[in-house]
Every structure is written in C-alpha cells, then in structure tokens.
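# Tertiary structure, described
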Amino acid sequence: MTVSAKPVADNAGATLAQATPLGSLGAAPYHDFNGDGVSDLTWLNTSGLIYQWQMAGTSIAGGGGVTFVGSDWKMLGIADFSGTGVAGMLWQNTSGLVYEWQMDGGAIVGGGGVATVDSSWKLLTTRDFNGDGNSDLPWQNTSGLLYEWQMNGNQIVGSGSVGSVDPSQWKLLSAGDFNGDGKSDLLRQNTSGLIYEWQMNGSQISGRGRGRHGRLELEASWLGEVSAWAPLPLRRQAGA
C-alpha cells in the first residue's frame with residue numbers, strides 16, 4: 001500500500017476537531033493494537049494522518065502518529081487477522097486493491113496486498129467464522145452472492161461460496177457467536193421484519209432458521225419509539 005511520503009512527525013496543525021474515528025466500536029481484541037487486552041482508539045485527520053490513542057480506561061496511556069494515507073484509500077475494518085491478539089487494519093484502494101496492515105502499537109510491522117476486488121463486491125463484516133482465531137472476510141456481490149475469505153494475516157488460506165440472498169430484501173444486522181461454538185454467525189433481517197440466523201462453520205452454513213427460541217420478528221411499530229439505548233422489542237413470529 002503506497003502512502004504519502006510526508007513524514008508522520010510533520011503533523012503541525014492537525015487537530016482532533018478535524019479527525020474522525022476509524023472502525024466501529026467493539027471489544028478487545030478487535031481494536032487492541034498493543035496486546036494489553038484493552039481496546040484502543042484510532043483517528044483519521046483530514047490531512048490523511050492516522051493517529052492512535054492507546055487507552056487505559058479514560059486515560060491515554062500512549063500513542064502517536066502512525067502514517068499518512070491518501071484520499072484514494074478507505075478503511076474496510078479493524079480486526080485481528082493473524083491470531084496474535086493484536087488488531088490490524090484493512091484498507092481498500094479506489095483501484096480495488098485490498099491491503100492489510102499488521103500492527104504493533106502505533107507501528108506497522110507487516111502486512112501486504114491481499115487481492116483486488118471490483119466495485120460490485122461489498123465487505124459485510126470482519127469476524128472469525130471458522131474458529132481459528134483469525135478474523136475472516138465475508139463479501140456480498142450486487143447479484144446477492146455471498147463469498148468468504150478465510151484469512152491468515154494478509155494471506156487468503158481458504159475461500160468459498162456461502163450462498164445467495166436478495167440484497168434488496170435482506171440486510172445484515174449483526175455477526176457474532178450466537179451458539180457458543182467459538183465461530184461467528186450471521187444475523188439477517190428481511191424487509192418483512194423477519195430476523196433469521198445462519199450458524200456458520202467457515203464458509204458453510206451448519207444451521208439456520210429456527211433456534212431454541214424459534215424465529216423472531218421485529219415489531220415494526222416499535223421502531224423509533226424506544227430510547228437510544230433500549231433493546232428493540234421482539235416477538236415470536238405468528239405460527240413459529
């Protein structure tokens with residue numbers, strides 16, 4: 001991944017007011033860049049400077065400038081792709097090239113190009129779907145096809161088609177280990193309100209649909225009527 005030749009130290013005038021946080025909020029190790037078991041914060045300045053805070057509760061225990069990136073790069077995700085307990089960063093260039101940084105604190109210690117993906121594919125999330133401790137990459141095509149890369153650092157060590165869903169009818173709600181087997185699963189919602197779960201084993205769907213609690217349907221009338229922090233009310237689908 002080519003970054004600006006501008007040195008990291010040359011960040012005069014780069015203020016937090018000009019910066020936006022990189023990655024979504026999540027628990028360690030997904031955003032733990034130094035392996036201390038505590039999630040850290042990474043910021044992107046309008047100048048292209050990436051700056052990291054290594055956190056200890058509400059205190060900033062360390063950090064600093066990482067490097068500059070050009071406007072032709074966007075962040076895809078932050079996750080542990082190499083199973084080290086330290087988060088890395090995943091980027092994509094406007095050319096389609098996907099590139100991974102392996103991090104050690106605020107230093108880029110490894111990584112490289114993964115593959116080139118055209119604009120008809122969208123990365124859904126970064127989670128470990130086969131239980132090997134490395135986050136994997138599930139992609140969805142505009143046709144609805146789902147395809148998964150199983151990762152080891154910046155290497156694709158396995159891949160396969162998962163299935164196909166109509167993207168105009170189904171959206172991804174969440175990914176996580178919903179059955180306690182150490183492998184992340186996929187939770188989807190239909191435009192009808194139906195919530196449906198895929199239990200994953202790598203790129204294979206090992207279980208789906210009805211779980212112990214049956215299928216759940218979101219009560220659409222509740223949307224917008226609950227506080228920002230309250231869980232959305234759920235009810236069992238009629239006949240389930």
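These numbers come from a predicted model, not from an experiment.

## Quick word on the overall build of the protein
Along its length, the protein carries zero helices and 18 strands. Here the protein holds 240 residues, and 39% of them are scored as buried. In the protein, the share of contacts with a sequence separation of at least 24, taken over all contacts with a separation of at least 6, comes to 36%. About 12200 Å² of surface is accessible on the protein, with carbon and sulfur atoms providing 51% of the total.

## A few points about the nonpolar core
In this structure, F33, I50, M89, W91, W101 and M103 are the most contacted members of the largest nonpolar core, which totals 13 residues. Those elements giving two or more residues to this core turn out to be β5 (73–79), β6 (88–93) and β7 (97–104). Apart from the residues within four sequence positions on either side, M103 is in contact with F33, Q52, V66, V86, A87, G88, M89, I108 and V109.

## Quick look at the pairing of strand β11 (residues 145–152)
Where strand β10 (residues 137–141) and β11 come together, four bridges link them in antiparallel fashion. When the bridges of β11 are listed, Q140 appears paired with L146. Where β10 folds back on β11, the antiparallel hairpin that results is connected by three residues, among which G144 adopts a positive phi of roughly 105°. Relative to strand β12 (residues 155–164), β11 is paired through eight bridges, and the arrangement is antiparallel. Bridge pairing in β12 places Y147 opposite S161. Between β11 and β12, which pair antiparallel in sequence order, lie two residues; one of them, G153, sits at a positive phi of approximately 65°.

## Section: the sheet that holds strand β9 (residues 121–123)
The four strands lie next to each other as β9-β10-β11-β12, forming an open sheet whose pairing is antiparallel. Strands with a single pairing partner mark the edges of an open sheet, and in this sheet they are β9 and β12. If you compare each strand with its neighbour and ignore which way they point, the axes differ by 25° on average.

## Concerning the environment of T191
Position of T191 among the secondary structure elements: in the loop between β14 (185–190) and β15 (194–201). A relative accessible area of 57% places T191 in the exposed class. Once the C-alpha coordinates of T191 and W170 are considered, the two residues, 21 residues apart in sequence, prove to be 6.4 Å apart.

## Points about the confidence of the model for the protein
In regions of low pLDDT, the predicted coordinates are not meant to be interpreted in detail. Here the protein averages 78 in pLDDT, and 74% of its residues register 70 or above. Here residues 1–16 scores under 50 on pLDDT; set against residues more than four positions off or in separate chains, the count is 28 contacts.

## Focus on the packing of aromatic side chains
Considering all chains together, one arrives at five aromatic pairs under this definition. Where W91 meets W101, the ring centres are 5.1 Å apart and the plane angle is 50°; that geometry is what we call tilted. Pair noted here: W91 is in strand β6 and W101 is in strand β7, with a separation of ten residues, a long-range link. The residues W91 and W101 share a single accessibility class, namely buried. Positioned over the ring face of W198 is R188, at 5.6 Å from the centre of the ring.

## Remarks on the sheet that holds β6
If you trace the four strands from one edge of the open sheet to the other, you get β5-β6-β7-β8, paired in antiparallel fashion. Each edge of the open sheet is held by one strand with a lone partner, namely β5 and β8 (107–116). Averaged over all pairs of adjacent strands, the angle between strand axes in this sheet comes to 25°, irrespective of strand direction. Here β6 pairs with β7 via four bridges, running antiparallel. Paired with L90 across the two strands is E100, which belongs to β7.

## Observations regarding the pairing of β6
Most of β6 sits out of view: six of its six residues are buried. Where burial is concerned, the two faces of β6 agree: the one with G88, L90 and Q92 and the one with M89, W91 and N93 are both buried. Across six bridges, the pairing between β5 and β6 is antiparallel. Pairing of A79 across the sheet is with G88, part of β6. Taking the residues between adjacent antiparallel strands as the criterion, β6 and β7 are bridged by three residues, where G96 takes a positive phi near 105°.

## Comments concerning the side chain of D80
With respect to the helices and strands, D80 occurs in the loop between β5 and β6. Despite its burial, D80 pairs with no opposite charge, the nearest such side chain being R127 at 12 Å. Within the structure, the side chain of D80 is placed 3.3 Å from the backbone nitrogen of T84, a separation counted as a polar contact. Within the structure, D80 has its side chain in polar contact with the backbone nitrogen of G85 (distance 2.7 Å). In this structure D80 touches G85, V86, A87, G88, G133, N134 and S135, once residues within four positions along its chain are discounted.

Rules behind the numbers
- Residues numbered from 1 in each chain as written.
- Predicted model: local features only at pLDDT ≥ 70, side-chain atom pairs only at ≥ 80, totals over all residues.
- Heavy atoms only, no water.
- Helix = DSSP H or I, 4+ residues; strand = E, 2+ residues; numbered from the N terminus.
- Buried < 20%, exposed > 50% of the residue type's maximum accessible area, 1.4 Å probe, protein only.
- Contact = heavy atoms within 4.5 Å.
- Areas by Shrake-Rupley, 256 points an atom, 1.4 Å probe, with all protein chains shown as cover.
- Core = buried A, V, L, I, M, F, W, Y, C linked by side-chain atoms within 4.5 Å.
- Pairing = 2+ DSSP bridges.
- Axes fitted to C-alpha atoms, helices over the stretch in contact; angles between N-to-C directions.
- pLDDT = per-residue confidence, 0-100.
- Phe/Tyr/Trp six-rings, centres within 6.5 Å; stacked < 30°, edge-to-face > 60°.
- Lys NZ or Arg CZ within 6 Å of the ring centre and 35° of its normal.
- Lys, Arg positive; Asp, Glu negative; His and termini not counted.
- Salt bridge = Lys/Arg side-chain N within 4 Å of Asp/Glu carboxyl O.
- Polar contact = N/O pair within 3.5 Å; in protein donor to acceptor, adjacent residues only side chain to side chain.

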